[in-house]
Amino acid sequence: MNAINEYEAWVRLGCFIGVLSAMLVWEWLSPKRSDPGTKTRWRRRGQHIALTAVNTLILRLLPGVAAVKAAMLAQEQQWGLLNTLGWRGMGAGLFTLLLLDLAIYLQHRAFHAVPVLWRLHRLHHSDADFDTTTALRFHPIEIVLSMLIKFAVVLALGAPVWVVIVFEVLLNASALFNHGNVRLSTQIDRWLRLAVVTPDMHRVHHSVLPQETDSNFGFNFPWWDRLLGTYRAQPEAGHLAMEIGLKEFPRDRTRRFVDLLAQPFYTAKADKPDTPSTIN
């Protein structure tokens, strides 16, 4: 089991570094939106990488709540839906991937709808720019809560270990991709978003307009937004003119790293939790 856990960690790290590097090069070669400036760009990226380091360290100190650990526990004890049904093989794996992705979609909506959860999640949305490192901008408390939710879902499903490893790699890679400030032709984007969440689709979710922020919650697959009524094809102002971030947290409010960590405890003017979105 320890060997599986270490193997999974190295696979995830390798995929993360590879996808992040590829996305940074793509953004440099073919950006969708204008560059905010070298100084601002690298300060933001440095803060986001620092957040990732802090979040990774915290999760390493809490190995018992890892999703892969939950899958191994379910396998050992024969817990969960799939073990009860005795369902194995590729069909069970695909079914599990879909349910895990649906769980992430529902979790994302909950973090927008529940005031105390939004206070944590708004750190992600307060980024006034949008690039692949925005995918790293999550508060440590939200990361721990997200892992606990995944732990519970994996345990309840009795998800196979290999499926959880694939899902974790896919989730990380998809987040880096769909936050990318990269240019895709309209035709390619139209076809891609039939199967995956594209940067143009997810960028709408980072708009300052509430009706756009409360749309396009998916990370891996775009189908849940379409099925559950939260899909929005394009931003009202267009991708080049749309405003990114949160109006209650202007760019200079979170210039220092310590401000990022303290942001959930700020009381912002016209704070979104006062009027949380309604789950359809």
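Check the entry above for the structure.
Residues numbered from 1 in each chain as written. Predicted model: local features only at pLDDT ≥ 70, side-chain atom pairs only at ≥ 80, totals over all residues. Heavy atoms only, no water.

Peer 1: Pulling in residues and values, what's your account of the nonpolar core?
Peer 2: With 28 residues, the main nonpolar core has V68, V154, V161, V164, F167, L176 and F219 as its most contacted residues. When residues of this core are traced back to their parent elements, those giving at least two are α1 (2-29), α3 (67-77), α5 (89-113), α7 (140-157) and α8 (161-178). The contact partners of L176, leaving out residues within four places of it in the chain, are F16, V19, L20, M23, T132, A135 and L136. (Core = buried A, V, L, I, M, F, W, Y, C linked by side-chain atoms within 4.5 Å. Buried < 20%, exposed > 50% of the residue type's maximum accessible area, 1.4 Å probe, protein only. Helix = DSSP H or I, 4+ residues; strand = E, 2+ residues; numbered from the N terminus. Contact = heavy atoms within 4.5 Å.)

Peer 1: Summarise α7; cite the residues concerned and give the values.
Peer 2: Counted at 1.5 Å a residue, the expected span for α7 with its 18 residues is 26 Å, and the 26 Å between its end C-alpha atoms agrees. For α7, the full list of buried residues reads P140, E142, S146, M147, K150, F151, V154 and L157. In the segment just after α7, G158 is the residue with positive phi, at about 70°. (Expected span 1.5 Å × (residues − 1).)

Peer 1: Mind laying out the packing of helix α6 (residues 115-125) against α7, listing which residues take part and the relevant values?
Peer 2: Contact geometry for α6 and α7: axes closest at 8 Å, N-to-C directions at 120°. By the angle class used here, α6 and α7 are oblique. The handedness of the crossing between α6 and α7 comes out as left-handed. Where α6 abuts α7, its residues L117, L120 and H121 lie against I141, E142 and L145. Looking at the contact of α6 with α7 residue by residue, the class counts come to four nonpolar, one polar and one charged. (Axes fitted to C-alpha atoms, helices over the stretch in contact; angles between N-to-C directions. Parallel < 35°, antiparallel > 145°, perpendicular 65-115°, else oblique. Left-handed = near helix turned anticlockwise from the far one by under 90°. Nonpolar A, V, L, I, M, F, W, Y, C, P; charged D, E, K, R; others polar.)

Peer 1: Can you explain the layout of surface pockets? Please cite residues and give values.
Peer 2: Taken as a whole, the largest pocket holds about 1200 Å³ of empty space. What lines the largest pocket is a set of 38 residues, and nearest its centre among them are R12, T56, L59, M147 and N172. Elements with a minimum of two residues in the lining of the largest pocket: α1, α2 (38-61), α3, α5, α7 and α8. In terms of residue count, the dominant contributor to the lining of the largest pocket is α1 (eight residues). When the residues that make up the lining of the largest pocket are grouped by side-chain class, the tally is 22 nonpolar, nine polar and seven charged. (1 Å grid on protein atoms, 1.4 Å probe; cavity = no way out; pocket = protein on both sides within 12 Å on 5 of 7 lines; lining within 4 Å. Points joined across faces, edges and corners; volume = space filled by probe spheres on them.)

Peer 1: I'd like to hear about the packing of aromatic side chains, residue by residue, with values.
Peer 2: Within this structure, the stated rule accounts for five aromatic pairs. Seen in terms of ring centroids, F221 and W223 are 4.8 Å apart; in terms of plane orientation they differ by 10°. Their pairing is stacked. On the accessibility criterion, F221 (15% relative accessible area) is buried. The class for W223 is partly exposed, based on a relative accessible area of 32%. Between R45 and the ring centre of W42, over which it is positioned, the NZ or CZ distance is 4.9 Å. (Phe/Tyr/Trp six-rings, centres within 6.5 Å; stacked < 30°, edge-to-face > 60°. Lys NZ or Arg CZ within 6 Å of the ring centre and 35° of its normal.)

Peer 1: Lay out the environment of G229 with the relevant residues and their values.
Peer 2: Within the secondary structure, G229 sits in the loop between α12 (223-227) and α13 (257-262). The exposure class assigned to G229 is exposed, which follows from its relative accessible area of 54%. Each C-alpha atom of the pair G229 and L102 lies 14 Å from the other, and the pair is 127 residues apart in sequence.

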